[in-house]
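Close look at the chain arrangement
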Amino acid sequence: MKDIEVPWVIQEHTKVKHELLKQYISPWMNILFRTQKKFRYPQVLIYIDGFSGPGIYYTDEKRDSLCNGSPLIVAEIANTYIEQDKSRKILMYCIDIEKKCTDILKERLKKSNQYDQKWEVYEADFERKIFEIISDIEGKKLVGAPMFIFIDPIGYSGYQIGILKDLLSNPRTELFINFMIYDIVRFCETKQFESLLTKQFGDEEYKKIDTTSNPETKQLYLKNLYCQNLRKYANAEYVMPFRVNTPDQGQRPRYYLIHVSKNIKALKVMKNSMSKISQADYSFEAIGINTLQMSLFNDPEKISIEEKLKEYCRSAFPKPLEYTHIEDWAYVNTNGVAKTIKDSLKILEEKGIIEIRRKKGQRANTVTDGALIRFSKDYIHE
Ligand SMILES: C[S@@+](CC[C@H](N)C(=O)[O-])C[C@H]1O[C@@H](n2cnc3c(N)ncnc32)[C@H](O)[C@@H]1O
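Keep in mind that what you see is a predicted model, and the values were worked out from it rather than measured.

1. A few points about the overall build of the protein
Secondary structure summary: the protein contains 12 helices and 13 strands in total. Taking 2.2 N^0.38 as the reference for a compact globule, 382 residues should give roughly 21 Å; the C-alpha atoms of the protein span a radius of gyration of 22 Å, in line with that estimate. Expressed along its principal axes, the backbone C-alpha trace of the protein runs to roughly 70 × 55 × 40 Å. Expressed as a percentage of its 382 residues, the buried residues of the protein come to 52%. Contacts in the protein between residues far apart in sequence, at least 24 positions, make up 71% of those at least 6 positions apart. In the form shown here, the protein has an accessible surface area of approximately 18,400 Å², with 49% of it arising from carbon and sulfur atoms. Across the protein, the 59 positively charged side chains and the 53 negatively charged ones have centroids separated by 6 Å.

2. Comments concerning the site of the ligand
Inspection of the region around the ligand gives 22 residues, with H18, S70, D96, D125 and D152 positioned closest. Contact distances for the ligand include 2.8 Å between an oxygen atom and a side-chain N or O atom of H18. The separation between an oxygen atom of the ligand and a polar main-chain atom of S70 is 2.9 Å. Within the complex, 89% of the 600 Å² of free accessible area of the ligand lies under protein. Partitioning the shell around the ligand into residue classes produces 11 nonpolar, six polar and five charged.

3. Quick look at helix α2 (residues 70-84)
Helical geometry note: an α-helix holds 3.6 residues per turn, so side chains three or four residues apart project in the same direction. With 15 residues, α2 should reach 21 Å at 1.5 Å per residue; the first-to-last C-alpha distance of 22 Å fits that figure. Counted residue by residue, α2 has 11 buried out of 15 residues, so it is predominantly covered. Residues S70, P71, L72, I73, V74, A75, I77, A78, N79, Y81 and I82 constitute the buried set of α2.

4. Considering helix α7 (residues 194-201)
All of the buried residues in α7 are L197, T198, Q200 and F201. All buried residues of α7 fall inside an arc of 160° around its axis, so they share one side. On its buried side, α7 packs onto β7 (173-179), α6 (181-187) and α8 (215-234). Residue G202 follows α7 closely and has a positive phi angle near 90°.

5. Quick notes on the packing of aromatic side chains
With the rule as written, the count across this model stands at 16 aromatic pairs. Ring plane angle 40° and centroid distance 5.7 Å describe the contact between Y24 and F148, whose orientation is recorded as tilted. Residue Y24 is located in helix α1 (residues 12-38), and its partner F148 is located in strand β6 (residues 147-151); the two are separated by 124 residues in the primary sequence. On the accessibility criterion, Y24 (1% relative accessible area) is buried. Seen from their ring centres, F148 and F176 are 5.9 Å apart, and the 55° between their planes marks the pair as tilted. Taken together, the residues span a long stretch of sequence, with F148 in strand β6 and F176 in strand β7 at a distance of 28 residues. Note on accessibility: F148 and F176 belong to one class, buried. One cation-aromatic arrangement involves R254 over Y182; the distance from NZ or CZ to the ring centre is 5.8 Å.

6. Quick look at the packing of helix α11 (residues 323-333) against helix α12 (residues 338-350)
Contact geometry for α11 and α12: axes closest at 10 Å, N-to-C directions at 120°. As far as their axial angle goes, α12 and α11 are oblique. Note that α11 runs across α12; the crossing there is right-handed. Residue-level contacts link Y323, I326, E327, A330 and Y331 of α11 to A338, I341, K342 and L345 of α12. Along the lines of polarity and charge, the residues of the contact of α11 with α12 split into seven nonpolar, no polar and two charged.

7. As for the pattern of salt bridges
With the rule as written, the count across this model stands at 28 salt bridges. The partner of D203 in a salt bridge is K232, and the shortest N-O contact between them spans 3.6 Å. In this pair, D203 is assigned in the loop between α7 and α8 and K232 in helix α8, connecting sequence segments 29 residues apart. The exposure class of D203 is buried, given its relative accessible area of 16%.

8. Observations regarding the sheet that holds strand β11 (residues 321-322)
Strand order in the open sheet formed by three strands is β11-β13-β12, with antiparallel pairing between adjacent strands. Of all the strands in the sheet, just β11 and β12 (354-357) have a single pairing partner and so form its edges. Bridge analysis of β11 against strand β13 (residues 372-375) gives two bridges, and the strand direction is antiparallel. Its bridge partner lying in β13, E322 is registered against L372.

Cut-off values and rules
Residues numbered from 1 in each chain as written. Predicted model: local features only at pLDDT ≥ 70, side-chain atom pairs only at ≥ 80, totals over all residues. Heavy atoms only, no water. Helix = DSSP H or I, 4+ residues; strand = E, 2+ residues; numbered from the N terminus. Rg over C-alpha atoms; globule rule 2.2 N^0.38 Å. Buried < 20%, exposed > 50% of the residue type's maximum accessible area, 1.4 Å probe, protein only. Contact = heavy atoms within 4.5 Å. Areas by Shrake-Rupley, 256 points an atom, 1.4 Å probe, with all protein chains shown as cover. Lys, Arg positive; Asp, Glu negative; His and termini not counted. Charge placed at Lys NZ, Arg CZ, Asp CG, Glu CD. Near = heavy atom within 4 Å. Polar contact = N/O pair within 3.5 Å; in protein donor to acceptor, adjacent residues only side chain to side chain. Nonpolar A, V, L, I, M, F, W, Y, C, P; charged D, E, K, R; others polar. Expected span 1.5 Å × (residues − 1). Arc of directions from axis to C-beta. Phe/Tyr/Trp six-rings, centres within 6.5 Å; stacked < 30°, edge-to-face > 60°. Lys NZ or Arg CZ within 6 Å of the ring centre and 35° of its normal. Axes fitted to C-alpha atoms, helices over the stretch in contact; angles between N-to-C directions. Parallel < 35°, antiparallel > 145°, perpendicular 65-115°, else oblique. Left-handed = near helix turned anticlockwise from the far one by under 90°. Salt bridge = Lys/Arg side-chain N within 4 Å of Asp/Glu carboxyl O. Pairing = 2+ DSSP bridges.

Here is the structure:
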C-alpha cells in the first residue's frame, strides 16, 4: 500500500458495508447498555476494528469532500449513547498495518473523543496485535464485557482462522467478518496465494474446488466451506452470511458479511437489523445455512423458508414443537426473521400441513411463544 494515496475514494460496495455496520452497531449498543443497566452491571462495551483504515474516505473523484470510515462511524454512534448516560464506557481499539492510515485515524479519533473514552489506534498487524489488546482488556478485569470485532481486510485475510476461536472464548464476543469472495475466487487457483488461503480456511479443502465450474458455483463452494470451517476451527455456534448484492455485480457478490457468535440473541438482533434495511439498488440477504444436511455444493437459498419449516416440523412428527424452538431453529437455518417465520407458519396452517395449538387467550391470527405446532398426519407421506 506504500504508493496508495490515503485516504482513497469510497466505492459503492463500501458504502453498503458502512450502512450495514451502522444499522447493527446502534441496536447492539442500545440493547446491551440497557441490559447492563437493568441488571446493575457497569455499562461497558468493547469495539475492536481489526483492519480500521484511516477512518475517512473521499466521497468522490473530485476529492474535495470526505465521509467517515468504520472507526469514525462507530465513534459517532458511541458518542450519542454516552451522551444519554455519562456512566457508560465504550472502549475502542483500532488496528491498521499502514502508518499512513493510523496517522490520520489517530488525529480524527482524538477529535471525535468527546467523552474522554479509551480509544486507541495501533499501527500493527492484526494477528499480532489482537492478543495484546485482549490481555489489556483482561488486565482491566473486563473479561466478560460484550465485545464486537469488525474484521475487514482487503482481499484475502492473512490471519489464521484458528485465532478466532480464542476471540470467541468470551461468549459475548461477536465477529463481523468481511469475506471477500470475489477476490478469493480469483486467487484460489494461484500458487502464490496458497499459504495465505490455507491460513484463512484452516486447511487445504478449498483446493477441491471444481476448477471447471462457473464463478457462481465456485463462490458458493468457498462461502459454504468458510462458514463450515468457522464452526470447525473457531468453535463458532452461529454463523450467518449476509450476501451484499451490488448493482454492478449481478448475482455474483463482491463480498459476504458474516456474523459469527455463540449467542442466539446476538444472531437475532443482527438479522432483525439487517432485515430493516431496504434500498432500491442493494439487497442484504441473510443466507440461512442448514447446518446438518448441507453439502458444500448446495445452495441454501434455493429452498424457501416455508419449505424448510415444513420439513422441520415433519421431521419431529408426531411430536409437537414449541413456537420458540421453531423460531430459534429458523433464525439459524433459514433467511427468516420473526415476522416471515410466523407468516410462513400461518400459511402452512391454512393449507392444513401443520396444526397450531395456541394457548388460551392467543388470537387465531397470531403464532407466538407457548403455541405448540405439530405436523399434520394427513401430509406425512406427501
Ligand atoms: C478495507 S480497508 C478497511 C476499511 C475500514 N474497515 C472501513 O470500513 O472504513 C482494509 C485495511 O486493512 C489494512 N491492513 C491490511 N493488512 C493488514 C494487517 N495484516 N493487519 C492490520 N491491518 C491491515 C489496510 O492498510 C487497510 O487500511
